[in-house]
Amino acid sequence: MSLNETASGERLHIGFFGMRNAGKSSVVNAVTGQELSVVSDVLGTTTDPVKKAMELLPLGPVMIIDTPGIDDEGSLGEMRVAKAKRVLATCDVGILVVDSTVGMRDSDLELKAHMEKRGVPCLTVFNKADLLDKVPAEGADFIYISARDNEGINRLREKIGELSKKEENERRVVADLLSTCDHVVLVVPIDKAAPKGRLILPQQQTIRDILDAGCTATVCRDTELEETLNSFKEPPKMVICDSQVFGKVSRIVPKSILLTSFSILFARYKGDLRSAVQGAAMLSRLKDGDRVLISEGCTHHRQCGDIGSVKLPGWIRQFMGVSPVFEFTSGNTFPDDVSDYALIIHCGGCMLTEKEMRYRSRVAQDTGVPMTNYGTAIAALHGILKRSLSPFPDIQNELD
């Protein structure tokens, strides 16, 4: 992935929902100007969520998601409906497509209420308006269109843009912690898990955010960090490292220099750093047999010495002296019921949307289960959590 490409987790996610044969797929194809979804008069043609990353004017980089009908039947149908509702956790904007010749039905009303409960801005799109004797005027949260005749599609794009602007949130990875011309050192270990020929996404995004702030960045491996620091006339403002070399880096970097990790920065960028720090306190209270969920947002092939499935469990056993039962999820898989877990440790979520990360955090909070993330947990296990929070003195002081 190049620095110019927009990651899935940074794209505006637009989900299209509705009952079977309301014309969701036709609306998706009309909005995008592409044949993304199969269109048919047969009920339930769309059986799984269909995703497409694209540029959509005037919105820019988006992820379009077409979902199965929310009135699908049978045991398989129930699974498809569950998948469709699960997509809501990732959506920034929800489009509810309704057959205008039939009107809103109970399933439509339930889904709209479900969107409102999750805080997903919803636009109701009454499709097949070409079959009406008279087309009503649009409202603040609904519009009449005809996907078949392409009527109202440009206005629909505009309405989606209006909703998406309400969701805009100026989030920065690190730039808000810096002043113009500050210098930052990024420590990037190169091991079997590092993709050949490129940097991983959190490192790319952090570098770009530093440059956007008018600052400079030096990237080095942990093996060259000490020599790199000694080569500067003036010390850098901050050092950001990969979590797995936290311990080593903390011994090299003088305490006068701010130190944190990519994962801790992303805990703040995609979620709630304070909650992650509070969740890390559970590490010292774990007992033998406690269930611990370790969850990753991506689906990469796990390498020997994988940080999530190997190193984190090993450090917990080593430093905490207990043997919990570790369970693992990846990608879009995350349990709706986490009440049986003593602790959840999540990755930084670079491949997930902010909405998805906050949903997962809320699932944990609603059941009273502590949730932390990789970088915060690793810093706590190595006894350097307070040091790693030096860029965030308000949270750091809470550890006193």
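In this report, the structure presented in the accompanying data block is examined. Predicted, not measured: the structure shown is a model, and the values here were computed from it. (Residues numbered from 1 in each chain as written. Predicted model: local features only at pLDDT ≥ 70, side-chain atom pairs only at ≥ 80, totals over all residues. Heavy atoms only, no water.)

**Some thoughts on the environment of threonine 260**
Thought 1: The residue threonine 260 is located in strand β10 (residues 258-261) in this model.
Thought 2: You can call threonine 260 buried: its relative accessible area is 0%.
Thought 3: Note: C-alpha distance between threonine 260 and serine 390 (130 residues apart in sequence) is 7.2 Å.
Thought 4: For threonine 260, the side chain forms a polar contact with the main-chain oxygen of serine 388, separated by 3.1 Å. (Helix = DSSP H or I, 4+ residues; strand = E, 2+ residues; numbered from the N terminus. Buried < 20%, exposed > 50% of the residue type's maximum accessible area, 1.4 Å probe, protein only. Polar contact = N/O pair within 3.5 Å; in protein donor to acceptor, adjacent residues only side chain to side chain.)

**Some words on the packing of helix α10 (residues 307-320) against helix α12 (residues 374-381)**
Thought 1: Close contact between α10 and α12 brings their axes to 10 Å; oriented N to C, the two are set at 30°. Taken together, the axis directions place α10 and α12 in an arrangement best described as roughly parallel. Once α10 is placed against α12, the crossing between them reads as left-handed. Listed contacts from α12 to Ile307, Gly308, Leu312, Trp315, Ile316, Phe319 and Met320 of α10 are Tyr374, Ala377, Ile378 and Leu381.
Thought 2: Class assignment for the residues of the contact of α10 with α12 results in 10 nonpolar, one polar and no charged. (Axes fitted to C-alpha atoms, helices over the stretch in contact; angles between N-to-C directions. Parallel < 35°, antiparallel > 145°, perpendicular 65-115°, else oblique. Left-handed = near helix turned anticlockwise from the far one by under 90°. Contact = heavy atoms within 4.5 Å. Nonpolar A, V, L, I, M, F, W, Y, C, P; charged D, E, K, R; others polar.)

**Remarks on the sheet that holds strand β13 (residues 343-346)**
Each strand in a sheet pairs with its neighbour through backbone hydrogen bonds, running either in the same direction (parallel) or in the opposite one (antiparallel).
Thought 1: Read across the sheet, four strands follow the order β12-β11-β13-β14 without closing on themselves; strand pairing throughout is parallel. Lying at the two open borders of the sheet, with one neighbouring strand each, are β12 (325-329) and β14 (371-373). When strand polarity is set aside, the average angle formed by the axes of neighbouring strands in this sheet is 25°.
Thought 2: Bridge count between strand β11 (residues 291-295) and β12: five bridges; the pairing is parallel. Across the sheet, residue serine 295 finds its bridge partner in β12, namely threonine 329.
Thought 3: Contacts from helix α9 (residues 273-280) reach β13 and β14, with the element oriented near 105° to β14. (Pairing = 2+ DSSP bridges.)

**Some points on the pairing of β13**
Thought 1: With burial as the criterion, each face of β13 is covered, one bearing Leu343 and Ile345 and the other bearing Ile344 and His346.
Thought 2: Sheet topology places β13 next to β14; three bridges connect them, and they run parallel. Note that in β14 the partner of isoleucine 345 across the bridge is threonine 372.
Thought 3: Read as a crossover between parallel neighbours, the route from β13 over helix α11 (residues 354-366) to β14 is right-handed. (Right-handed = clockwise from strand over helix to strand, strands pointing away.)

**What to know about helix α5 (residues 201-212)**
Thought 1: The end-to-end C-alpha distance of α5 is 16 Å, a good match for the 16 Å that 12 residues give at a rise of 1.5 Å each.
Thought 2: The buried count for α5 comes to nine of 12 residues, which makes it a mostly enclosed element.
Thought 3: Those residues of α5 hidden inside the fold are in contact with β7 (183-187), β8 (216-220), β9 (238-241) and α8 (262-270).
Thought 4: Among the residues trailing α5, glycine 214 stands out with phi positive, at a value near 75°. (Expected span 1.5 Å × (residues − 1).)

**What about α12?**
Thought 1: Burial analysis of α12 places seven of its eight residues in the buried class, which makes it a mostly covered element.
Thought 2: Listing the buried residues of α12 in full gives Tyr374, Gly375, Thr376, Ala377, Ile378, Ala379 and Leu381.
Thought 3: Among the residues trailing α12, glycine 383 stands out with phi positive, at a value near 70°.

**Details of the side chain of arginine 157**
Thought 1: Its place among the elements puts arginine 157 in helix α4 (residues 153-166).
Thought 2: For the buried arginine 157, which has no salt bridge, the nearest side chain bearing the opposite charge is glutamate 158, at an N-O separation of 8.4 Å.
Thought 3: One polar contact links the side chain of arginine 157 to the main-chain carbonyl oxygen of alanine 30, over a distance of 3.2 Å. (Lys, Arg positive; Asp, Glu negative; His and termini not counted. Salt bridge = Lys/Arg side-chain N within 4 Å of Asp/Glu carboxyl O.)

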